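Each chain, written out:
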Amino acid sequence: MKVTSKILGQEQAAFLVRQRVARLATADGEGKPHAVPVCFAMARSSIYIALDEKPKDVPVSRLKRVRNILENPDVALIADRYTEDWGLLAFVMVRGSAELLDPGTGEHTEAVRLLRGKYHQYEAMRIEENPIIAIRPERATSWGALDEPDTSGPQILDTIHGRRSVRRYLPKEVPEDLVERVLEAARWAPSPHGRQPWRFAVLTREATKERLADAMGEEWRANLEMDGQNAEIVERRLEGSRRRLRDAPVLVLICLYLEDLDAYSDAERQRGETTMAVQSLGAAAQNALLAAYDLGLDAGWMCAPLYCPEKVVEALGLDPGLVPHALLTLGYADGDPPKRRPRRPLDDLVVYRD
Ligand SMILES: Cc1cc2nc3c(=O)[nH]c(=O)nc-3n(C[C@H](O)[C@H](O)[C@H](O)COP(=O)(O)O)c2cc1C
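Heads up: these notes are all about the structure in this document.

Cut-offs and rules
Residues numbered from 1 in each chain as written. Predicted model: local features only at pLDDT ≥ 70, side-chain atom pairs only at ≥ 80, totals over all residues. Heavy atoms only, no water. Helix = DSSP H or I, 4+ residues; strand = E, 2+ residues; numbered from the N terminus. Contact = heavy atoms within 4.5 Å. Polar contact = N/O pair within 3.5 Å; in protein donor to acceptor, adjacent residues only side chain to side chain. Axes fitted to C-alpha atoms, helices over the stretch in contact; angles between N-to-C directions. Left-handed = near helix turned anticlockwise from the far one by under 90°. Nonpolar A, V, L, I, M, F, W, Y, C, P; charged D, E, K, R; others polar. Patch = residues over 30% accessible without salt bridge, like charges linked within 9 Å, V, L, I, M, F, W, Y side chains within 5 Å. Areas by Shrake-Rupley, 256 points an atom, 1.4 Å probe, with all protein chains shown as cover. Salt bridge = Lys/Arg side-chain N within 4 Å of Asp/Glu carboxyl O. Expected span 1.5 Å × (residues − 1). Parallel < 35°, antiparallel > 145°, perpendicular 65-115°, else oblique. Buried < 20%, exposed > 50% of the residue type's maximum accessible area, 1.4 Å probe, protein only. Pairing = 2+ DSSP bridges. Phe/Tyr/Trp six-rings, centres within 6.5 Å; stacked < 30°, edge-to-face > 60°. Lys NZ or Arg CZ within 6 Å of the ring centre and 35° of its normal.

### Some thoughts on the environment of K32
Along the chain, K32 turns up in the loop between strand 1 (22-27) and strand 2 (33-38). Residues K32 and E219, 187 residues apart in the sequence, show an inter-C-alpha distance of 75 Å. With near-sequence residues (within four places) excluded, K32 lies in contact with T26, A27 and N68. Polar side-chain contacts of K32 include one of 3.4 Å to the side chain of E30.

### Overview of the packing of helix 5 (residues 176-187) against helix 8 (residues 267-294)
Viewed as axis vectors pointing N to C, helix 5 and helix 8 meet at an angle of 145 degrees, and their least axial separation amounts to 7 Å. As for the relative orientation of helix 5 and helix 8, their crossing is right-handed in sense. Together, V182, A185 and A186 of helix 5 and A284, N287, A288, A291 and A292 of helix 8 make up the contact between the two elements. When the residues that make up the contact of helix 5 with helix 8 are grouped by side-chain class, the tally is seven nonpolar, one polar and no charged.

### Looking at a nonpolar patch on the surface
On the surface, I156, L157 and I160 cluster together to form a nonpolar patch covering roughly 280 Å² of accessible area. Within the secondary structure, I156 sits in helix 4 (residues 156-162).

### So, helix 7 (residues 231-247)
An ideal rise of 1.5 Å per residue puts 24 Å on 17 residues; helix 7 measures up with 24 Å between its terminal C-alpha atoms. For helix 7, the secondary structure elements touched by its buried residues are helix 6 (206-226), strand 9 (250-257), strand 10 (298-302) and strand 11 (322-331). For helix 7, the N-terminal cap is N230; the gap from its side-chain oxygen to the backbone nitrogen of E232 is 2.9 Å.

### Regarding the packing of helix 6 against helix 9 (residues 309-316)
Relative to each other, helix 6 and helix 9 sit at 155 degrees, their axes nearing to 9 Å. The orientation of helix 6 relative to helix 9 falls into the category roughly antiparallel. Relative to helix 9, helix 6 is oriented so that their crossing is right-handed. Here T208, R211, L212, A215, M216, E218 and E219 of helix 6 lie close against helix 9, whose contacting residues are K311, V312, A315 and L316. Broken down by class, the residue content of the contact of helix 6 with helix 9 amounts to six nonpolar, one polar and four charged.

### Some thoughts on the environment of K311
Residue position: K311 is located in helix 9. A relative accessible area of 33% means that K311 is categorised as partly exposed. When neighbours within four sequence positions are excluded, K311 is seen to be in contact with A215, E218 and E219.

### Thoughts on the pairing of strand 4 (residues 47-50)
Taking every second residue as pointing to the same face, both faces of strand 4 are buried, with I47 and I49 on one and Y48 and A50 on the other. Pairing geometry for strand 3 (residues 41-42) and strand 4, over two bridges, is antiparallel. From the neighbouring strand, A41 faces strand 4, where its bridge partner is Y48. In sequence, strand 3 turns back onto strand 4 through a hairpin of four residues. Sheet analysis places strand 4 next to strand 7 (residues 132-144), joined by four bridges and oriented antiparallel. Considered in strand 7, the bridge of Y48 is made with A134.

### As for the packing of aromatic side chains
Throughout the structure, instances matching the rule amount to three aromatic pairs. Taken together, a centroid distance of 5.6 Å and an interplanar angle of 80 degrees make the contact between Y119 and Y122 edge-to-face. Taking relative accessible area as the criterion, Y122 reaches 4% and is therefore assigned buried. We note K118 situated over the ring of F40; from NZ or CZ to the ring centre the distance is 3.9 Å. The ring of Y332 has K172 lying over it, and the distance from NZ or CZ to the ring centre is 4.6 Å.

### Here's the deal with the sheet that holds strand 8 (residues 198-203)
Strand pairing within a sheet occurs via backbone hydrogen bonds; the two strands may be parallel or antiparallel. The strand order across the open sheet built from four strands is 8-9-11-10, with neighbouring strands paired in antiparallel fashion. Both edges of this open sheet fall to strand 8 and strand 10, since each of them pairs with a single strand only. The sheet shows a mean angle of 25 degrees between the axes of neighbouring strands, taken without regard to direction. Alignment of strand 8 against strand 9, held across six bridges, turns out to be antiparallel. Note on strand 9: the bridge partner recorded for A201 is L253. Docked against the sheet, helix 7 engages strand 9, strand 10 and strand 11, running at close to 140 degrees with respect to strand 10.

Right, here's the structure in full:
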């Protein structure tokens, strides 16, 4: 989000926009201080905070921060970064005047939209029914390494480097909630027009996995025979593939779903739509692989469904509008994978043009 304000400098605004939590300090009419951690969203000239307490237990008008703001609108909001590497410490403090926005006003609606955009948890909460605190910044102060990337927490680059394709699994069940979290990561992938042109089929039962293996095996056998492979090798490869499907505790079939995409009268733009959908299917798959690794699971990718999508749809009784593309295996690795594909040096892959 682009936030530029006369009061907040660019570094300060960029730092605040990335923070998930801040502390809101208020004071009552006598100046007695009160501070609470808050989630917040930023707009160009205001900072918004939802009142998300259960209204039945504590009417929002009784919340100390609300009573304080009504008695004394002067507030401060501070967001900070603490790490054991003190070279990365930083904070931004905004002082200003707070007011309560009533539901139904345009600014309230916009604030709810911004808060829900930043925190998906608010989607399931009725924050639109309560007033929103709006802070109008008057002064900003900051200190520390605002511009430094925070390298103190779990690092996505470590996950990217650690992930590897696993092809043998322990016979250890994967908890359902972990599978759900992997799918949750997949659904947050970028997609053309935000249309999410993918659907996921989750397979855990032995009989269902066997049905899939049979359907894909038939096609593969025909292809291998067409390539002139000798019968023994064909059987060995088919058995290996069948074993992989059977032994992986969970299979996630990622299907392309094109119905929600834009329809064009010319073939070229239509092709572009489909290509973008396939690109974003790859992004969803990668999100799933990285999330799995982050959650202590291992995963692999099999392309076989791509070569016989109709057979897979039929074998699994899926909606005919789905086009199976990729099959992810999920589970716990049975030992480290024997080999890891080396990567080309960056110099081979990148050109810089000024
Ligand atoms: C589109 C795509 C299709 C793939 N299909 C298969 C497959 O059918 N069988 C398989 O064993 N690995 C498959 N892989 C995994 C790659 O072989 C693997 O990612 C690559 O060798 C690099 O190894 P790493 O994932 O361990 O870093 C596929 C990967 C991608 C991105």
